[in-house]
Amino acid sequence: MPSLGADMEAGTLVEWLVKPGDEVKRGQVVAVVETQKGAIEIEIWENGTVDRLVVETGRKVPVGEVLALLRAPGEAVAAAPGAPARARISPSARQLAGELGIDVQSVQPALPGGVISRADVERAAAARKAAPAAAAKPAAPDWHAQMRKAIAAAMSRSKREIPHYYLATDIDVTVVSGWLAAENVKRGVAERLLPVVPLMKAVAVALRAVPELNGFWVDGAFRPSAAVHLGMAIAMRGGGLVAPAIHDADRKSLDALMADLRDVATRVRGGRLRGSEMSDPTITLSSLGEQGVEGLFGIIYPPQVAIVGLGKVTERAWAHHGTVAVRKVMTATLSADHRVSDGHRGGLFLAALARLLQEPEKLR
Amino acid sequence: MSALTREQIRSAILDTLCAIAPEIEPAGIAPGAPLREQIDLDSMDFLNVIIRLHETLGIDIPESDYAQLATLDSAVDYLARRNRAG
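1. Side note on the overall build of chain B
Alright, step 1. Per the secondary structure count, chain B includes 4 helices and 0 strands.
Alright, step 2. Seen in sequence order, chain B has helices and strands lined up from the N terminus as α-α-α-α.
Alright, step 3. Radius of gyration (C-alpha) of chain B: 12 Å, near the 12 Å computed for a compact globule of 86 residues.
Alright, step 4. For chain B, the spread of C-alpha atoms along the principal axes amounts to about 35 × 25 × 20 Å.
Alright, step 5. Taking all 86 residues of chain B together, the buried fraction comes to 24%.
Alright, step 6. Look at the contacts in chain B between residues 6 or more apart in sequence, and 62% of them connect residues 24 or more apart.

In structure tokens form, the structure reads like this:
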């Protein structure tokens, strides 16, 4: 059971999309898991053949539990068809598993490929106790409460653990707005770009200048990410929000970003998200301008270390080339983790963002 | 293209809104009030409404005219005008 966010402790296996004997490829969606944030598609990260499905549908299991066993390409079937592959386990651990009613096939050894010990069985038993098996309830009536609970857990943890600092700057977006309008005139309805798309690209590219805003705080240290996976905060129908990843946002064209945004937004608002989209954003972007908000200071989604907020574009009286002109202006904000970066570096990020937005044709 | 009646246009708009925001009750929409204050539509949803209307009615809607589709009544007026002009 993969962790699909800092706030997830367990998930309910709703559906298997593969069966024993099926060939699977890296990145393939193999199962659907119900979490507090709705149904999520689970991908597999190895090529191989499904050997056995360990967790049956309808069971709620803790993060880290084995869902299925996979054979590597070329690996022989370990046992006769129909018989489960035999786990490598010490006799004393096998006896303990029997006493505790633990299926040894579901126990992971401490070292990958190692022999299962008594301690491994005890750990599996403790995990099962923490998340007792429960039947999946179709369309749980308390879904909304579950979503609020998930947001409460993640945001409380963030405010408890992360020393936030907050910066704001007003950016003249007249040039990029005009450029986008001219670009969209040339395009058919279905090919038009939303105003947030060039902003996404500029945020992602600006992070190259200040890499300490992009990555994760894990085990007391910052782990920067070479890739920029932009978590786009999207409101869910009926309340709550999720921030799935737009992968490699700094290296994608505006058209590719628009296509990705359309894809995740459609699935957030009506369909299903994939596990990797939920768990791997390296920074979050929240754009509340549509609601008429001029600025927002976000709360960092752990283990990320920064969140960028974009407000609405307003026409303001603005000093421009030595005179006062009516310009389109947007407030951009940064909430960042002071354990990893300082206000000076955060300021450089916002300055880079403002600069990139003055030359939109280079963002393509 | 044959001329569409205002009723056909209104019904196409309501069908589109229901497809994108399945939770709405079409009869409950106040025709003179902004749609985005009555229906949970984000900018991507709104763009999808425009795309669907373009596909079903065959009317091109430039981005600079999006504001004219703010309410149900203004959207019917606008699309009827574009339909006659087209």
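2. A closer look at the domain arrangement of chain A
Residue and element names in this part refer to chain A.
Alright, step 1. Examined at the domain level, chain A breaks down into domain 1 (10-130) and domain 2 (144-363).
Alright, step 2. Using only C-alpha atoms to locate each centre, domain 1 and domain 2 end up separated by 37 Å.
Alright, step 3. Each side of the interface is counted separately: domain 1 has 9 residues, and domain 2 has 11 residues.
Alright, step 4. Take the side of domain 1 that touches domain 2: its biggest share by element is 5 residues, from strand β4 (residues 38-43).

3. Brief notes about the sheet that holds β4(A)
The strands making up a sheet associate through backbone hydrogen bonding, with each pair oriented either parallel or antiparallel.
Residues and elements named next belong to chain A.
Alright, step 1. Overall, mixed pairing links the 5 strands, which are arranged β6-β1-β3-β4-β15 in an open sheet. Only two strands of the sheet have a single partner each, and these edge strands are β6 (60-62) and β15 (273-274).
Alright, step 2. Where strand β1 (residues 10-16) lies against β6, 3 bridges are found, and the strand directions are antiparallel. Within β6, the residue paired with Ala10 across the bridge is Pro62.

4. Here's the deal with helix α8 (residues 343-356) of chain A
Residue and element names in this part refer to chain A.
Alright, step 1. When the terminal C-alpha atoms of α8 are compared, their 20 Å separation across 14 residues agrees well with the 20 Å that a helix rising 1.5 Å per residue should span.
Alright, step 2. Within α8, burial applies to Gly346, Phe349, Leu353 and Leu356. For α8, the buried positions fall inside an angular range of 85° around the axis, keeping them on one side.
Alright, step 3. As for α8, its buried residues are in contact with β8 (164-172), α5 (196-206) and β19 (323-337).

5. Describing the interface of chain A and chain B
Alright, step 1. Taken together, the contact between chain A and chain B spans 14 residues of the former and 14 residues of the latter.
Alright, step 2. When residues of the side of chain A that touches chain B are traced back to their parent elements, those giving at least two are α4 (174-185) and α6 (254-270) of chain A.
Alright, step 3. Split into classes, the residues belonging to the side of chain A that touches chain B amount to 8 nonpolar, 1 polar and 5 charged.

6. Examining the environment of Ile40(A)
Residues and elements named next belong to chain A.
Alright, step 1. Tracing the backbone through its elements, the reader meets Ile40 in strand β4.
Alright, step 2. In the structure, Ile40 is positioned 257 residues away from Phe297 in sequence and 28 Å away in space, judged by C-alpha atoms.
Alright, step 3. Apart from the residues lying within four places of it in its own chain, the contact partners of Ile40 are Leu4, Val33, Thr35, Arg272, Leu273, Arg274, Gly275 and Met278.

7. Observations regarding the nonpolar core
Residue and element names in this part refer to chain A.
Alright, step 1. Residues Met200, Val203 and Leu230 are the most contacted members of the largest nonpolar core, which totals 87 residues.
Alright, step 2. For this core, the two domains that each supply at least three residues are domain 1 (10-130) and domain 2 (144-363).
Alright, step 3. If sequence neighbours within four positions are ignored, Leu230 has contacts with Met200, Val203, Ala204, Ala245, Ile246, Ala249, Pro281, Ile283 and Leu285.
Alright, step 4. Ile102, Val107, Ile116 and Ala124 belong to the second largest nonpolar core, which has 9 residues in total.

Each value, and the rule that gives it
- Numbering of residues starts from 1 in every chain and runs along the sequence as written.
- Note on labels: chains are lettered from A, ligands numbered from 1, in written order.
- Side-chain atom pairs in this predicted model are given and counted only at pLDDT of 80 or more, local residue features only at pLDDT of at least 70, and totals for whole chains, interfaces and linings cover all residues.
- Numbering of helices and strands starts at the N terminus; helices are DSSP runs of H or I of at least 4 residues and strands are runs of E of at least 2.
- Two things to know: the radius of gyration comes from C-alpha atoms, and the globule rule equals 2.2 Å times the number of residues to the power 0.38.
- Exposure criterion: with C-beta atoms placed from backbone coordinates, a residue whose C-beta has 20 or more other C-beta atoms within 10 Å is buried, one with 12 or fewer is exposed, and one in between is partly exposed.
- Contact between residues is assigned whenever the C-beta positions, reconstructed from backbone atoms, fall within 7 Å.
- Domain boundaries shown here were taken from an automatic or database domain assignment.
- Criterion used throughout: strands pair if DSSP finds at least two bridges between them.
- Multiplying 1.5 Å by the helix residue count minus one yields the expected span of that helix.
- Along the arc lie the directions from the helix axis toward the C-beta atoms.
- Charged residues are taken to be Asp, Glu, Lys and Arg, nonpolar residues to be Ala, Val, Leu, Ile, Met, Phe, Trp, Tyr, Cys and Pro, and polar residues to be all remaining types, Gly included.
- Remark: nonpolar core denotes a set of buried Ala, Val, Leu, Ile, Met, Phe, Trp, Tyr and Cys residues whose joining runs through C-beta atoms within 7 Å.

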